[in-house]
Amino acid sequence: AMGMEGTPATAPFEYAMLLRERGGDRGQVRQSLERAVALNPQLAEAQYLLGLMAAAESRHAEAIAHYERALAVLPRQSPFWRGLAESYEAVGDKEKARAAARRAIDAAVAPEDLAMASGVLRQLESGEAPKLK
């Protein structure tokens with residue numbers, strides 16, 4: 001049904017979330033997320049998750065592209081900025097990494113988001129590599 005004409009982007013996105021929650025195959029999760037963003041590139045949550053998956057596999061240039069697409073839609077998401085900061089650090093762009101970490105702090109609403117974003121910025125400013133998750 002998800003391959004049919006007119007399928008909304010939410011269908012493969014929700015399927016990916018179901019697979020992910022149940023510990024399904026990462027390849028199938030990625031494929032469903034890619035289908036979702038192909039149908040709707042503005043689906044920020046799917047872009048963010050694709051960024052996380054790419055970063056986890058050390059494909060940081062790809063992760064950066066996904067995080068940037070997600071942030072174009074939802075610019076006040078601290079975790080999106082934090083992921084972007086970590087991937088910029090991984091590719092060696094320390095200035096953009098620090099700027100993204102500062103944006104993560106500015107966007108933080110939940111105390112845990114503020115603590116995590118602050119930790120990334122402290123690590124960047126101290127010269128330590130952030131602990132990528």
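Residues numbered from 1 in each chain as written. Predicted model: local features only at pLDDT ≥ 70, side-chain atom pairs only at ≥ 80, totals over all residues. Heavy atoms only, no water.

(A) Here's a closer look at the overall build of the chain. Along its length, the chain carries seven helices and zero strands. In terms of C-alpha radius of gyration, the chain reaches 15 Å, essentially the compact-globule figure of 14 Å for 133 residues. For the C-alpha atoms alone, the extent of the chain along its principal axes is close to 50 × 25 × 25 Å. Put simply, the chain has 133 residues, and 43% of those count as buried. Considering only contacts within the chain whose residues lie at least 6 apart along the sequence, 43% involve residues at least 24 apart. For the chain, the centre of its 17 positive side-chain charges and the centre of its 18 negative side-chain charges are spaced 2 Å apart. (Helix = DSSP H or I, 4+ residues; strand = E, 2+ residues; numbered from the N terminus. Rg over C-alpha atoms; globule rule 2.2 N^0.38 Å. Buried < 20%, exposed > 50% of the residue type's maximum accessible area, 1.4 Å probe, protein only. Contact = heavy atoms within 4.5 Å. Lys, Arg positive; Asp, Glu negative; His and termini not counted. Charge placed at Lys NZ, Arg CZ, Asp CG, Glu CD.)

(B) Examining helix H6 (residues 94–107) more closely. Between its first and last C-alpha atoms H6 spans 20 Å; for 14 residues at 1.5 Å apiece the expected length is 20 Å, and the two agree. Among the residues of H6, those classed as buried are Ala-97, Ala-100, Ala-101, Ala-104 and Ala-107. Relative to the axis of H6, the buried residues are bounded by an arc of 125 degrees and lie together on one face. In this structure, the buried residues of H6 make contact with helix H5 (78–90) and helix H7 (111–126). (Expected span 1.5 Å × (residues − 1). Arc of directions from axis to C-beta.)

(C) Looking closely at unusual backbone geometry. Positive phi, normally seen in glycine, also occurs at Ser-58, with a value near 60 degrees. With respect to the element layout, Ser-58 can be found in the loop between helix H3 (44–56) and helix H4 (60–73).

(D) Spotlight on H5. A rise of 1.5 Å per residue sets the reference length of H5, with its 13 residues, at 18 Å; its end C-alpha atoms lie 18 Å apart and thus fit the reference within 8%. With 12 of its 13 residues buried, H5 lies for the most part within the structure. Residues of H5 that are buried: Ser-78, Pro-79, Phe-80, Trp-81, Arg-82, Gly-83, Leu-84, Ala-85, Glu-86, Ser-87, Tyr-88 and Glu-89. Elements in contact with the buried residues of H5: H3, H4, H6 and H7.

(E) Molecular detail of the nonpolar core. Grouped together as the largest cluster of nonpolar side chains are 37 residues, with contacts concentrated most on Phe-13, Leu-33, Ala-46, Trp-81 and Leu-84. Looking at this core, the elements that each hand over two or more residues are helix H1 (10–21), helix H2 (26–39), H3, H4, H5, H6 and H7. By residue number, the principal contributor to this core is H3, which donates eight residues. (Core = buried A, V, L, I, M, F, W, Y, C linked by side-chain atoms within 4.5 Å.)

(F) Structural context of the packing of aromatic side chains. As enumerated under the stated definition, the model contains two aromatic pairs in all. Here the aromatic rings of Tyr-48 and Tyr-67 are separated by 6.0 Å at their centres, their planes lie at 45 degrees, and the arrangement is tilted. Taken as a pair, Tyr-48 in helix H3 and Tyr-67 in helix H4 lie far apart in primary sequence, 19 residues in all. Their ring planes at 20 degrees and their centres at 4.5 Å tell us that Tyr-48 and Phe-80 sit as a pair that is stacked. Taken as a pair, Tyr-48 in helix H3 and Phe-80 in helix H5 lie far apart in primary sequence, 32 residues in all. Residue Phe-80 is classed as buried on the basis of its relative accessible area, which comes to 5%. In textbook terms, an aromatic cluster arises when at least three aromatic residues are bridged by ring pairs, as seen for Tyr-48, Tyr-67 and Phe-80. (Phe/Tyr/Trp six-rings, centres within 6.5 Å; stacked < 30°, edge-to-face > 60°.)

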